Structures are given as structure tokens and as C-alpha cells.
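Tertiary structure, described
Here's the letter readout for the chains.
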Amino acid sequence: MTMHARTSDGNPTPAELELDRRMEVFLDEMVSSSVREELPADFASRVVAARPFAPWEVARPSFWRLPVAVGLGLLAGSLGLALTPLWSLGPATAVTVWAELLAVAFGSPVATLVAALPLLAEGTERAAGAVSPGAVALLGGGAALVAGSLLGALARFRRPELPVARPRS
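So, a few notes on the structure that sits alongside this text. (Residues numbered from 1 in each chain as written. Predicted model: local features only at pLDDT ≥ 70, side-chain atom pairs only at ≥ 80, totals over all residues. Heavy atoms only, no water.)

Observations concerning the overall build of the protein chain
Defined as follows: Strands here mean DSSP runs of E at least two residues long; helices mean DSSP runs of H or I at least four residues long; both are numbered from the N terminus. Categorising residues by exposure relies on relative accessible area from a 1.4 Å probe, with only protein chains included: less than 20% of the type maximum marks a residue as buried, more than 50% marks it as exposed, and the intermediate range marks it as partly exposed. Residue contacts are counted whenever heavy atoms from the two residues lie within 4.5 Å of one another. Areas reported as accessible are Shrake-Rupley estimates using a 1.4 Å probe. Residue values count occlusion only from the protein chains shown.
Scanning the protein chain from N- to C-terminus turns up five helices and two strands. Reading the protein chain from its N terminus to its C terminus gives the helix and strand order α-α-β-α-α-α-β. Every one of the 169 residues in the protein chain was classed for burial, and the buried ones make up 9%. When contacts within the protein chain are restricted to residue pairs at least 6 apart in sequence, those whose partners lie at least 24 apart make up 48%. A total accessible area of about 13,700 Å² is found for the protein chain, and carbon and sulfur atoms account for 70% of it.

A look at helix H1 (residues 14–32)
Heads up, the rule is: Helix span, expected: 1.5 Å multiplied by one less than the number of residues in the helix. The arc refers to the directions leading from the helix axis to the C-beta atoms.
Compared with the 27 Å implied by 1.5 Å per residue over 19 residues, the 27 Å span of H1 between its first and last C-alpha is a close match. What H1 keeps buried is the set Glu16, Asp20, Glu24 and Leu27. Here the buried residues of H1 occupy an arc of 70° about the axis, which is enough to place them on one side. In H1, the exposed positions angled more than 90 degrees off the buried face are occupied by Pro14, Arg22 and Ser32. Against helix H2 (43–50) lie the buried residues of H1.

Concerning the pattern of salt bridges
Here is the rule we go by: By salt bridge we mean one thing: a side-chain nitrogen of Lys or Arg within 4 Å of a carboxyl oxygen of Asp or Glu.
In total, this model carries two salt bridges according to the counting rule given. Among the salt bridges present, the one from Glu122 reaches Arg126, with a minimum N-O distance of 3.0 Å. In this pair, Glu122 and Arg126 both sit in helix H4 (residues 91–130), four residues apart, roughly one turn of the helix.

Here we look at a nonpolar patch on the surface
Stated precisely, the cut-off is as follows: Patch members must show over 30% relative accessible area and no salt bridge, and they are joined within 9 Å when carrying like charges or within 5 Å when they are nonpolar side chains of Val, Leu, Ile, Met, Phe, Trp or Tyr.
Taken together, the side chains of Trp64, Val68, Leu72 and Leu75 make up a nonpolar region of the molecular surface, amounting to roughly 410 Å² of accessible area. Examined against the element boundaries, Leu75 turns out to sit in helix H3 (residues 65–83). With relative accessibility at 45%, the residue Leu75 sits in the partly exposed group.

A short note on H4
Side chains of residues three or four places apart in an α-helix project in the same direction, reflecting 3.6 residues per turn. Operational definition: Across the chain, bend at a residue is computed as the angle between axes fitted to the seven residues ending at that point and the seven starting from it.
Along its 40 residues, H4 runs 58 Å from first to last C-alpha, staying within 8% of the 58 Å computed at 1.5 Å per residue. At Ala116, H4 is bent by approximately 35°, the largest bend along its length, and proline Pro118 sits one to four residues beyond.

This is the structure we're talking about:
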């Protein structure tokens, strides 16, 4: 076997791709031929151990990285903002400022929701009196459909991450 130089961007060279394609064709022919009964039981695991999937052959979805990065960025930003008084006012003030920032960040949405609940109930009563029961049923069915779609999308993202071989071209 000869060594092939990688391209400057780290992608495989055409010679490497051709060698990889020929190896896959050879293995496919061996497995699909009549020699199949003569292969040992652990043949597939030995082949995978000797030649694992290349990075460009495996798709691993990683949906969690962006939300985690954004959350860590927001937390680091709030900590940086809270530590600003540390240089002039002292550590106790910095911790107090950060605690108040976190309380406002998490408490303000809850307080707004609590204040909006009576208005939401009053608006629902008015809408129920002004709209026919058929329209309410139609809107409720639409809302249930949207909620089901969102739950289905969330369930899809919670599946365990498995490597998926891409189809050969």
C-alpha cells in the first residue's frame, strides 16, 4: 500500500477515495458471493475494527450543541457583567449584583405570566361568548395539531445519537 498525501484542507485525495471505494467493492463482493458460508461468524466485527467508518461516511446529528453554547454564553455574559463592580466596589457587591440579575432574569417572566393570567381568562370568556361552538372546536383542533407536531419534533430530537452510514454514490 502506498501513502497518499492529504489535501491542504484535510479532505481525502482522489487516490484515497478510489482506494476506499475499491476496498468497499471487494468486501461487498466477498460477502455477497457464495463464499459467505465460509466466513467466520465475527468477520463483520473484525472488518469494522480494522477499518472503521471514515468521518465523511458517518452523519452524527448534534442538535444540543448550539443551545448549550448559547446558554453558556449568556451565563458567562451575566457573570462578566456581575463581576464588573468587583474592581471598584468589592466581592460582596459583585455577588449581590449577580444574584439580583439572575432573580430579575428568571423572576420577571414568571411575574409577567402571573399578571397576565387574569387578563387571559377574561379574554377567553369574551371570545367564548362571541364565537360559535364550531369555530371553537376548529381552533381547538388546530391547536392540538400544532401541539402534537411540536411534541413529535421534540421526541425526534431526544432519540439517542447513532452513527448513520451515508449511501454510497
